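Read off the chains here:
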Amino acid sequence: MAKNILILSDSEQPELIAAAKKLGHKAVRVPVGAIGLGIASTPKGFDRIYMTDADYKQYVDEPDFEVDCVLCRGGLKGLHGLAVVRHFEENLQIACSHNAEGIANCTSQLATLQKLSSAKIRIPETRFIYTNDLLVSMVDSLGGLPLIVKALFGSQGKGVFSIKDNEALFWAFQSFQNAEMPIILQRKIETEKTKDGRTNDIRIWIVGGQFCTAMRRYSNPDDFRANASISGKCEYYEPSEEEIAMAIAAANAVGLGDSIVGVDVMKDDTHTYVIECNSNPGTTYIKTVSKIDVFEAMINFITNKAKNKPKKIRVFNATSASNKLHLGLKYDVLRAKLSFANNEPIF
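To start, this report covers the structure provided alongside it. All figures in this text were calculated on a predicted structure; none of them were measured in a lab. (Residues numbered from 1 in each chain as written. Predicted model: local features only at pLDDT ≥ 70, side-chain atom pairs only at ≥ 80, totals over all residues. Heavy atoms only, no water.)

### Here's the deal with the sheet that holds strand E2 (residues 26-30)
Backbone-to-backbone hydrogen bonds pair the strands of a sheet. The strands run either parallel or antiparallel.
Part 1 of the argument: Taken in spatial order, the four strands make up an open sheet running E2-E1-E6-E7, and their pairing is parallel. The strands lining the two open edges of the sheet, one partner per strand, are E2 and strand E7 (95-96).
Part 2 of the argument: In terms of strand pairing, strand E1 (residues 4-8) meets E2 through five bridges, oriented parallel. Bridged to Leu8 within E2 is Val30.
Part 3 of the argument: Along the sheet, helix H3 (residues 79-91) makes contact with E1, strand E6 (69-72) and E7, crossing E1 at roughly 155°. (Pairing = 2+ DSSP bridges. Helix = DSSP H or I, 4+ residues; strand = E, 2+ residues; numbered from the N terminus. Contact = heavy atoms within 4.5 Å. Axes fitted to C-alpha atoms, helices over the stretch in contact; angles between N-to-C directions.)

### Some thoughts on the packing of aromatic side chains
Part 1 of the argument: Summed over all chains, the structure comprises three aromatic pairs.
Part 2 of the argument: Taking the centre distance of 6.1 Å and the plane angle of 50° together, the rings of Tyr50 and Phe316 count as tilted. Of the two residues, Tyr50 is situated in strand E4 (residues 48-51) and Phe316 in strand E17 (residues 313-317); the sequence distance between them amounts to 266 residues.
Part 3 of the argument: The exposure class assigned to Tyr50 is partly exposed, which follows from its relative accessible area of 22%.
Part 4 of the argument: Between the aromatic rings of Phe161 and Trp171, the centroid separation amounts to 6.2 Å while the plane-to-plane angle is 85°, which identifies the pairing as edge-to-face. Taken together, the residues Phe161 in strand E10 (residues 160-163) and Trp171 in helix H7 (residues 166-178) connect sequence positions 10 residues apart.
Part 5 of the argument: According to the relative accessible area criterion, Phe161 is partly exposed, its value standing at 30%.
Part 6 of the argument: Aromatic rings pair up to connect Phe161, Trp171 and Phe176 into one cluster.
Part 7 of the argument: If you follow Lys233 out to its NZ or CZ, it ends over the ring of Tyr218, 5.6 Å from the centre.
Part 8 of the argument: The ring of Phe316 is capped by Arg314, whose NZ or CZ atom sits 5.5 Å from the centre of that ring. (Phe/Tyr/Trp six-rings, centres within 6.5 Å; stacked < 30°, edge-to-face > 60°. Buried < 20%, exposed > 50% of the residue type's maximum accessible area, 1.4 Å probe, protein only. Lys NZ or Arg CZ within 6 Å of the ring centre and 35° of its normal.)

### Notes on the sheet that holds strand E16 (residues 272-278)
Part 1 of the argument: Here we have five strands laid out as an open sheet, ordered E14-E13-E12-E15-E16, and antiparallel in their pairing. Looking along the sheet, the strands with just one partner apiece sit at the ends: strand E14 (233-236) and E16. Pairs of neighbouring strands in the sheet enclose a mean axial angle of 30°, with direction left out of account.
Part 2 of the argument: In this sheet, strand E13 (residues 210-218) lies alongside strand E12 (residues 200-207) in antiparallel orientation, the contact comprising eight bridges. Residue pairing across strands places Asp201 opposite Arg217, the latter belonging to E13.

### Here we look at the environment of Ile189
Part 1 of the argument: Assignment of secondary structure puts Ile189 in the loop between strand E11 (183-187) and E12.
Part 2 of the argument: Residues Ile189 and Tyr273, 84 residues apart in the sequence, show an inter-C-alpha distance of 8.5 Å.
Part 3 of the argument: Ignoring sequence-local partners within four residues, the contact set of Ile189 consists of Pro124, Met266, Lys267, Asp268 and Tyr273.

### Considerations on the nonpolar core
Nonpolar side chains in soluble globular proteins generally cluster together in the buried interior.
Part 1 of the argument: Within the largest apolar cluster, 27 residues are counted, with the highest numbers of intra-cluster contacts made by Leu8, Val30, Ile35, Met51, Val67, Val70 and Phe88.
Part 2 of the argument: Elements that contribute at least two residues to this core include exactly E1, E2, E4, E6, H3, helix H4 (100-107) and E17.
Part 3 of the argument: The dominant element in this core, judged by the number of residues it contributes, is H3, at four residues.
Part 4 of the argument: If near-sequence neighbours (up to four positions away) are discounted, Val70 is found in contact with Leu6, Leu8, Phe88, Ile94, Ala95, Cys96, Ser97 and Ile302. (Core = buried A, V, L, I, M, F, W, Y, C linked by side-chain atoms within 4.5 Å.)

### Structural notes on helix H5 (residues 109-118)
Each full turn of the α-helix corresponds to 3.6 residues, which orients residues three or four apart in the same direction.
Part 1 of the argument: Listing the buried residues of H5 in full gives Gln109, Leu110, Ala111, Thr112, Leu113 and Leu116.
Part 2 of the argument: Tucked into the core, H5 has its buried residues touching H4, strand E8 (126-129), strand E9 (147-150), E11, helix H9 (241-253) and E16.
Part 3 of the argument: Count one or two residues on from H5 and you reach Lys120, which has phi positive near 65°.

### Considerations on the pattern of salt bridges
Part 1 of the argument: Considering all chains together, one arrives at 14 salt bridges under this definition.
Part 2 of the argument: Among the ionic pairs, Lys22 bridges to Glu296, the shortest N-O distance being 2.8 Å. Placement of the pair is Lys22 in helix H1 (residues 14-22) and Glu296 in helix H11 (residues 294-307), with a sequence separation of 274 residues.
Part 3 of the argument: Of the charged contacts in the structure, one is a salt bridge between Arg314 and Asp64, with a shortest N-O distance of 3.2 Å. Here Asp64 lies in the loop between helix H2 (53-59) and strand E5 (66-67) and Arg314 lies in strand E17, a separation of 250 residues in the sequence.
Part 4 of the argument: Taking relative accessible area as the criterion, Arg314 reaches 38% and is therefore assigned partly exposed. (Salt bridge = Lys/Arg side-chain N within 4 Å of Asp/Glu carboxyl O.)

### Quick look at the packing of H4 against H5
Part 1 of the argument: Contact geometry of H4 with H5 gives a least axis separation of 5 Å together with a crossing angle of 105°. Judged by the angle between their axes, H4 and H5 are roughly perpendicular. Taken together, the residues of H5 that come into contact with H4 (itself represented by Glu101, Asn105, Cys106 and Thr107) are Gln109, Ala111, Thr112 and Lys115.
Part 2 of the argument: A breakdown of the residues in the contact of H4 with H5 according to their chemical character gives two nonpolar, four polar and two charged. (Parallel < 35°, antiparallel > 145°, perpendicular 65-115°, else oblique. Nonpolar A, V, L, I, M, F, W, Y, C, P; charged D, E, K, R; others polar.)

Listed below in structure tokens is the structure:
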């Protein structure tokens, strides 16, 4: 049976929308900032989702559009984004590809590592500090330099540094302290390098608790970060049963076992390590090397989830005359006076 899919994303999703159409479904993309939440005040009340008339016409443009399921694809890391995901999944109890807690765990590098370690999944030896009083002893406990320094939040290789000497360590730590940010220290994993000096890691896609696809990503010759978004170099990778089991366990550990997760692993001469988990794995490079269509895989996953959770919701018009009267506000005037930054609530 055809399903109506609401894709929560701040970026256009033409390939997902096309995949939904090909599979006989209807998908619309709505940025998270366009959604308001209605939270009922009484036991018999109904929680709701609101959009302005202008946003509804721009992003949905179908009268009485009823949503069967929600596919989360970016822009959901802030307080508002997490609140919207939580509202869909918990308050409205509609089939949702992710849960807010899992997204929050993946957003924080530290939370991810804590969840993985708690589940007894091998990760790089890690330290977390805020004050320089612990810096020297924590570096020594990791075996000294070189090591990896990470920011608490970051993606696509941003906020990650390879530290080889004391001067670079001091510069990095001072930069974090000036920004009043804690710092993550990790023992460096030495992967096998290519002839031209490239390091590598492996991105394993887990969809609905099962292996979907994987790729090996290479760094630039003069860089240690094996992010395809930086180097543009990757290839299909066939993970072992052990690596697949490890990736599935990692997805479960961060709370996204029945979801869409990109699990990054690295291998040295002895062990395999989970480096991080991504609740919104990018498709730019995996789609060029994968043996299956990742867009169709995501659509099939969320529509099958909707079959087991058959509930529809409507999006309500926040600018209708009745709502204006109920709120006691001239919405258009109010909207002109308020401003939002990074989709965060202003009060």
